[in-house]
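The residues making up each chain are set out below.
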Amino acid sequence: MKRNGIISAIIIVIIGATIYQNWSSRQERAAALQESSLPKPGHAAPALELNNLEGQLIKVGGKRDKPLVLNYWASWCLPCQAELPDLQWLHEQYGDQLDIYGVNATIHDELKLVQAKVKEFGLQFPIIMDPEGVGLDLYKVGAIPMTYLIDRNGMIVEVLYILHKDELERRVKELIKL
C-alpha cells in the first residue's frame, strides 16, 4: 500500500511539473510575441488614418516627404501640457523640414477641452483625433505623452517620453539628417 502511495505521489509531481512547464513556456512565448509586436525603432510605423480637428484625413505609415514627430497626448495630462509649447516651437523652427502631428487620446478626452488646449497653446501643427483609441492600440501607447520619431521611409527611429526642449531638438535635428 505504501509503495502505491509513493508511486502515485511521484506521478502527481511529474504531471504537475509537466503542466507547469508547459504553462510557463506558453506564458513566455505569449510575452515574447507581445513584445515583438510593439512598435519600436527599426520597425515600420503602423499605418494609421484619422481625422484632424478640421475633419481632414491624416495618414501615417509608409514613405513620406518629411520625417515625422508623432506625439500622443491628452488635454488633462500635465506632462503633455508641459511638452506642447516645445512641440509648437519645433513646428515653428523646423516645420519646413519636418511634420509634427499631435494625436489626441480622444477616447479618454473631450473635444471642447482639446480645442481649448489647442487655443491656449497656439498649436499650429495638425491635431489628430482618436475617438475610438485606434492609434493608441496600434502604437501600444501605455503612457502619455509618448512620442515616435519616424523617418522618411516610415521607419520608427526612436520612441520618446517627455524630454527637455534642448534634448528633443537635438534628436529632431538627427532625424532630419536621416
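Shown above is the structure to which this text applies.
Residues numbered from 1 in each chain as written. Predicted model: local features only at pLDDT ≥ 70, side-chain atom pairs only at ≥ 80, totals over all residues. Heavy atoms only, no water.

A look at the overall build of the protein
Logical step 1: The helix and strand inventory of the protein stands at five helices and seven strands.
Logical step 2: Reading the secondary structure of the protein in the N-to-C direction produces α-β-β-β-α-β-α-β-α-β-β-α.
Logical step 3: In the protein, which comprises 178 residues, the share counted as buried stands at 39%.
Logical step 4: Across the protein, contacts joining residues at least 24 apart in sequence account for 75% of those joining residues at least 6 apart.
Logical step 5: As presented, the protein carries roughly 10500 Å² of accessible surface, and 57% of it is formed by carbon and sulfur atoms. (Helix = DSSP H or I, 4+ residues; strand = E, 2+ residues; numbered from the N terminus. Buried < 20%, exposed > 50% of the residue type's maximum accessible area, 1.4 Å probe, protein only. Contact = heavy atoms within 4.5 Å. Areas by Shrake-Rupley, 256 points an atom, 1.4 Å probe, with all protein chains shown as cover.)

Here's the deal with the packing of aromatic side chains
Logical step 1: For the structure on display, the rule yields four aromatic pairs.
Logical step 2: Summarising the aromatic geometry, the rings of Tyr-72 and Tyr-139 are spaced 5.7 Å apart at their centres and angled 45° between planes, so their arrangement reads as tilted. In this pair, Tyr-72 sits in strand 3 (residues 68–73) while Tyr-139 sits in the loop between helix 4 (134–138) and strand 6 (146–150), placing the two residues 67 residues apart along the sequence.
Logical step 3: Residue class for Tyr-139 comes out buried when judged on its relative accessible area of 0%.
Logical step 4: Taking 6.3 Å as the distance between ring centres and 75° as the angle between the ring planes, the aromatic pair formed by Trp-89 and Tyr-94 counts as edge-to-face.
Logical step 5: Take Trp-89: its relative accessible area is 22%, and that puts it in the partly exposed class. (Phe/Tyr/Trp six-rings, centres within 6.5 Å; stacked < 30°, edge-to-face > 60°.)

Topic: the pairing of strand 3
Logical step 1: For strand 3, the buried fraction is high: six of the six residues fall into the buried class.
Logical step 2: Every second residue of strand 3 is oriented toward a common face, with Leu-68, Leu-70 and Tyr-72 on one face and Val-69, Asn-71 and Trp-73 on the other, all of them buried.
Logical step 3: By the bridge criterion, six bridges tie strand 3 to strand 4 (residues 99–104) in an arrangement that is parallel. For Val-69, the partnering residue across the bridge sits in strand 4 and is Ile-100. (Pairing = 2+ DSSP bridges.)

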